[in-house]
Number of protein chains: 2
Amino acid sequence: MGSPQQRYQQILCKLRESNHKLTPQRLAIIDILVHSRSHPTVEAIFEMLQEDFPTMSLATVYRNVVLLKSLGEVLEIGFPDGSNRYDGNKPYPHPHAICVRCKKIVDPDLRALGNLTAQVRQRTGFKILTHRLDFFGVCRDCLQSENQTKGVGR
Amino acid sequence: MGSPQQRYQQILCKLRESNHKLTPQRLAIIDILVHSRSHPTVEAIFEMLQEDFPTMSLATVYRNVVLLKSLGEVLEIGFPDGSNRYDGNKPYPHPHAICVRCKKIVDPDLRALGNLTAQVRQRTGFKILTHRLDFFGVCRDCLQSENQTKGVGR
DNA sequence: CAGATATTGATAATCTTTATCAAATAATAA
DNA sequence: TTATTATTTGATAAAGATTATCAATATCTG
Ligand SMILES: [Zn+2]
Ligand SMILES: [Zn+2]
Ligand SMILES: [Zn+2]
Ligand SMILES: [Zn+2]
């Protein structure tokens, strides 16, 4: 739902609406978030910015990610070990497939989630606001290299 | 799948099999985990133990939870803010409904998750090992008190 | 009971995220 | 363009949860 360019403009709108300033650092962070498909960490974003912004502070990345989260323009995929990841392409809840080996995260196309939410509401009485669905496994690349190491592959 | 008593014995079996000692502290932690339905935090377990074990160290609770996790006998429901919760009744993946207000966590009965895993495998090529499904919302109790505050309720 | 090993308690270390604050910058209007 | 004001930045300290360390203690086996 929206190209990186569209997402970029949409986020700029939100920022202007909420009277936030458009600093070069902020724009660069947004640029990375909407163009990256890898669900980067704050650290990864920070490193990608080193070239263009050698004086960029890590705190600035954290602050802007928090801001974009509060505006509903970035989805946080948080983990208990602190290796949090961010999706600026799809800021709404969606399932993820996570490789436990290389930590790759991809967005699988899935249907049939809406009725699950309805079921939960019925059985618990909760008013459901959002959800999170993660599948943990081993990606194709890692499966392949695993087989090569074991001498099973061709 | 199994009463608290059965779970308790099952975990003791696993510990004996893996040559772990059955200390009073360890047994008390397991007792709390299999009898609690509230998905307690480490801190909560620690506080529940204060009465019977005034000298119990917080590190001991952490260590034993880690051990039981590694034995597959407790399910960790981790959150990025560090408010991790533990389920000793159902150590296998299952959906949770989480109240964002009072932090209550309950186990809703849900079906139709098996085919989702198959779908993810098909579309991503991942070998899926486990999953996690959380629904975030407001529980019945909190909805009620919310309405009372607003003067909407009877 | 004795010996070997694992566990505990106390505390330091680690690591990610948040808070702090002076200096710098963006937005706005004169 | 410049001045004014509020926001943002960079650097660093602080916070908070989990893990590591290590001497003392307790368990298990025989
Ligand atoms: Zn992988
Ligand atoms: Zn995603
Ligand atoms: Zn509640
Ligand atoms: Zn549960």
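Residues numbered from 1 in each chain as written. Chains lettered and ligands numbered in written order. Predicted model: local features only at pLDDT ≥ 70, side-chain atom pairs only at ≥ 80, totals over all residues. Heavy atoms only, no water.

A.B. asks: Describe the protein's contact with DNA strand C, listing the residues and the values that go with them.
C.D. replies: In the vicinity of DNA strand C, 21 residues are found, and the nearest of them are Tyr62(A), Lys21(B), Thr23(B), Arg26(B) and Arg63(B). One of the side-chain N or O atoms of Asn84(A) is found 2.9 Å from a phosphate oxygen in DNA strand C. Take Thr60(B): an N or O atom from its side chain is 2.8 Å from a phosphate oxygen of DNA strand C. Where the surface near DNA strand C is concerned, the elements lending two or more residues are helix H4 (58–70) of chain A together with helix H2 (24–35) and helix H4 (58–70) of chain B. Taken together, the residues of the surface near DNA strand C break down into 7 nonpolar, 9 polar and 5 charged. (Near = heavy atom within 4 Å. Polar contact = N/O pair within 3.5 Å; in protein donor to acceptor, adjacent residues only side chain to side chain. Helix = DSSP H or I, 4+ residues; strand = E, 2+ residues; numbered from the N terminus. Nonpolar A, V, L, I, M, F, W, Y, C, P; charged D, E, K, R; others polar.)

A.B. asks: Let's hear about the relation of the copies chain A and chain B: which residues, and what values?
C.D. replies: When chain A is fitted onto chain B, the two copies agree to an RMSD of 0.0 Å after a turn of 180° and an axial shift of 0.0 Å. What the superposition gives is, in effect, a two-fold axis relating one chain to the other. Of the interface residues in chain A, 100% have counterparts in chain B that sit at the interface too, so the contact is made through matching surfaces. (Least-squares fit on C-alpha atoms with pLDDT ≥ 70 in both. Contact = heavy atoms within 4.5 Å.)

A.B. asks: Please give an account of the pattern of salt bridges that cites residues and values.
C.D. replies: Counting across every chain of the model gives 13 salt bridges over all chains. Measuring nitrogen to oxygen at the nearest pair gives 2.7 Å for the salt bridge that ties Asp134(A) to Arg132(A). (Salt bridge = Lys/Arg side-chain N within 4 Å of Asp/Glu carboxyl O.)

A.B. asks: Please give an account of the environment of Lys127(B) that cites residues and values.
C.D. replies: Residue and element names in this part refer to chain B. Structurally, the position occupied by Lys-127 is in strand E5 (residues 127–138). Take Lys-127: its relative accessible area is 43%, and that puts it in the partly exposed class. Taking the C-alpha atoms as reference points, Lys-127 and Lys-104, separated by 23 residues in sequence, lie 32 Å from one another. (Buried < 20%, exposed > 50% of the residue type's maximum accessible area, 1.4 Å probe, protein only.)

A.B. asks: How would you summarise unusual backbone geometry if you had to cite specific residues and measurements?
C.D. replies: Residue and element names in this part refer to chain B. At Asn-19, a position not held by glycine, the phi torsion is positive, near 60°. Following the sequence through the fold, Asn-19 ends up in the loop between helix H1 (4–17) and H2. A positive phi angle is found at Lys-103, which is not glycine, with a value near 65°. Structurally, Lys-103 is set in the loop between strand E3 (96–99) and strand E4 (105–106). Since its relative accessible area comes to 49%, Lys-103 is described here as partly exposed.

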